[in-house]
Amino acid sequence: MTRSTVTHATMKSPALTSPASAQISAIPVTVIGGYLGAGKTTLVNHLLRHADGRRIAVAVNEFGALPIDQDLIVGAQGNVLTLAGGCICCAFGSDLVAGLMDLATQTDSLDHILIEASGVALPGAIAQSVSLVSGLVLDCIVVVADAETLRARTRDLYIADTITRQLADADIVVLNKADLANVADPGLASITPWLPSLAPAARIVPTVHARVSPDILFGITSAFDAAAARDAHNAQGLYSEMFAVPGAIDANALAAALAARDLGLIRAKGFVCDSTLGAALIQVVGRRSNVTPVASATALHIVCIAHGRPINRLAIGAAIAQASGH
């Protein structure tokens, strides 16, 4: 993907530097789209409740469009709701870009921005608006889909085109209400093989009540914490592991390999030494990837996250070896 990249950690070493490049600092933005009733509001409130210290801004067209749970609201002034944990909710009215420009000035007080799109909006178009604002960087497009009704809605004369275009924009599809789909005919087992044809660039995350790990939607914030990157499996089916990447490699080749569908990673991030660029940051979300030169790095490793199945260590090791020319 051709996107700017935000660096969540600064690593300095005189042994590995790229003097011609600058360390990039920007607020990452996640666009949350999906049709009415899919569960976008439930997802946003879930993420606010599990922010884990992240200071999040939620941007909405108007407050009535996104009912923030009352116990999360600390105060209100003008078009801003003050939320628990240093988070805020801002209503931008009809001018999204102007609202985002205001938020972009708050780099010292915000860690992440969520944009909740209306049910008929195309998240890809909103993502393009993000690219117009200096100080912001698109992290991910998330589309929430209702597993119980998705097949029927993609055949609906009036809304099918909107839904299919929303899904086509997605990096991650949160397939909500999976419990309801499981009791339907033909059930969830028939949706998960069919859905990638509508969302070819996305990873699919089945869930109930929009309970998704924040590490999936916000990105890897503890990417350089070895303890947090141990191979782990929680109740949400999340696996993570760190891989050392010693020596000079072809960073673009490794990024593309990590984004391959067969590997099944939902996120990957880390610093490497590129044979041409020097220090570089690799980021992968869904099937999109990019490589960004950075000023410096010391810890050369990639943290990978998978959902629903263990990480294929042999395949990732082989991808690193191939990118190293071995």
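Residues numbered from 1 in each chain as written. Predicted model: local features only at pLDDT ≥ 70, side-chain atom pairs only at ≥ 80, totals over all residues. Heavy atoms only, no water.

Novice: Can you tell me about the overall build of the protein chain, naming the residues and giving the values?
Specialist: When its secondary structure is counted, the protein chain shows ten helices and 15 strands. For the protein chain, the residues scored as buried account for 53% of the 326 residues in total. Nonlocal contacts in the protein chain, meaning residues at least 24 apart in sequence, comprise 74% of its contacts between residues at least 6 apart. (Helix = DSSP H or I, 4+ residues; strand = E, 2+ residues; numbered from the N terminus. Buried < 20%, exposed > 50% of the residue type's maximum accessible area, 1.4 Å probe, protein only. Contact = heavy atoms within 4.5 Å.)

Novice: Any chance you could break down the sheet that holds strand β8 (residues 172-176) for me, citing the residues and the numbers?
Specialist: Here nine strands make up an open sheet; going across it, the order is β3-β4-β5-β2-β6-β1-β7-β8-β9 and the pairing mixed. Each edge of the open sheet carries a strand with a single partner, namely β3 (73-77) and β9 (203-206). Put simply, the sheet's adjacent strands are angled 20 degrees from each other on average, direction ignored. Bridging between strand β2 (residues 56-60) and strand β6 (residues 112-116) involves four bridges; their strand directions are parallel. In the strand pairing of β6, Val-58 is matched with Leu-114. Packing against the sheet, helix α2 (residues 96-104) makes contact with β1 (27-33), β2, β5 (88-91), β6 and β7 (136-146), and its axis sits at approximately 165 degrees to β6. (Pairing = 2+ DSSP bridges. Axes fitted to C-alpha atoms, helices over the stretch in contact; angles between N-to-C directions.)

Novice: Talk me through the packing of aromatic side chains; I want residue IDs and the actual numbers.
Specialist: The full count for this structure, using the stated rule, is zero aromatic pairs. The side chain of Arg-151 reaches across the aromatic face of Trp-194, ending 4.4 Å from its centre. (Phe/Tyr/Trp six-rings, centres within 6.5 Å; stacked < 30°, edge-to-face > 60°. Lys NZ or Arg CZ within 6 Å of the ring centre and 35° of its normal.)

Novice: Describe the pattern of salt bridges, listing the residues and the values that go with them.
Specialist: Where charged atoms from two side chains of opposite charge approach closely, those side chains can pair. One pass over the full model with this rule turns up nine salt bridges. When the shortest N-O distance is used, the salt bridge between Lys-177 and Asp-146 registers 3.4 Å. With Lys-177 in the loop between β8 and α6 (178-182) and Asp-146 in strand β7, the pair connects residues that are 31 residues apart, well separated along the chain. Note on Asp-146: relative accessible area 7%, which makes it buried. (Salt bridge = Lys/Arg side-chain N within 4 Å of Asp/Glu carboxyl O.)

Novice: Explain the nonpolar core to me, and be specific about the residues and the numbers.
Specialist: Of all hydrophobic cores here, the largest spans 41 residues; its most connected members are Leu-100, Leu-103, Ile-113, Ile-115, Leu-136, Leu-167 and Val-173. Look past the residues within four positions of Ile-113 in its chain and what remains in contact with it is Ile-27, Pro-28, Val-29, Thr-30, Ala-57, Leu-103 and Leu-136. Ranked by size, the runner-up nonpolar core spans 33 residues in total, among them Cys-89, Val-212, Phe-218 and Ile-266. (Core = buried A, V, L, I, M, F, W, Y, C linked by side-chain atoms within 4.5 Å.)

Novice: Explain helix α1 (residues 40-49) to me, and be specific about the residues and the numbers.
Specialist: Most of α1 is tucked away: seven of the ten residues are buried. Among the residues of α1, Lys-40, Leu-43, Val-44, Asn-45, His-46, Leu-47 and Leu-48 are the ones counted as buried.

Novice: An account of the side chain of Ser-129 is needed here, citing residue identities and associated values.
Specialist: You can see Ser-129 is positioned in helix α3 (residues 123-131). A relative accessible area of 18% places Ser-129 in the buried class.

Novice: How would you summarise the side chain of Ser-324 if you had to cite specific residues and measurements?
Specialist: Following the sequence through the fold, Ser-324 ends up in the segment after α10 (313-323). A relative accessible area of 18% means that Ser-324 is categorised as buried. Engagement of the side chain of Ser-324 in a polar contact is seen with the backbone oxygen of Ile-320, the distance being 2.8 Å. With residues up to four places along the chain from it excluded, the contact list for Ser-324 reads Pro-246, Ala-248 and Ile-249. (Polar contact = N/O pair within 3.5 Å; in protein donor to acceptor, adjacent residues only side chain to side chain.)

Novice: Break down the environment of Gly-85 for me, with residues and values.
Specialist: Positionally, Gly-85 belongs in the loop between β4 (80-83) and β5. Separated by eleven residues in sequence, Gly-85 and Val-74 have C-alpha atoms that sit 9.4 Å apart. Those residues within four positions of Gly-85 in sequence are excluded, and the remaining contacts are Arg-54 and Arg-55.

Novice: Residue-level account of unusual backbone geometry, with values.
Specialist: Its identity is not glycine, yet Lys-177 carries a phi of approximately 60 degrees, on the positive side. Taking the relative accessible area as the measure of exposure, Lys-177 reaches 23% and is therefore partly exposed. One non-glycine residue, Ala-210, lies in positive phi territory at about 55 degrees.

Novice: Tell me about the confidence of the model for the protein chain, and name the residues and values.
Specialist: Within the protein chain, residue pLDDT values average 83, and 84% of them lie at 70 or more. Across residues 1-23, confidence stays below pLDDT 50; counting only partners more than four residues off in sequence or on other chains, it has 74 contacts. (pLDDT = per-residue confidence, 0-100.)

Novice: For the pairing of β3, give the residues involved together with the corresponding values.
Specialist: Within β3, only zero of the five residues are buried, which leaves the element largely exposed. Pairing geometry for β3 and β4, over four bridges, is antiparallel. Paired with Gly-75 across the two strands is Thr-82, which belongs to β4. Between the antiparallel neighbours β3 and β4 lie two residues, among them Gly-78 with a positive phi of about 60 degrees.

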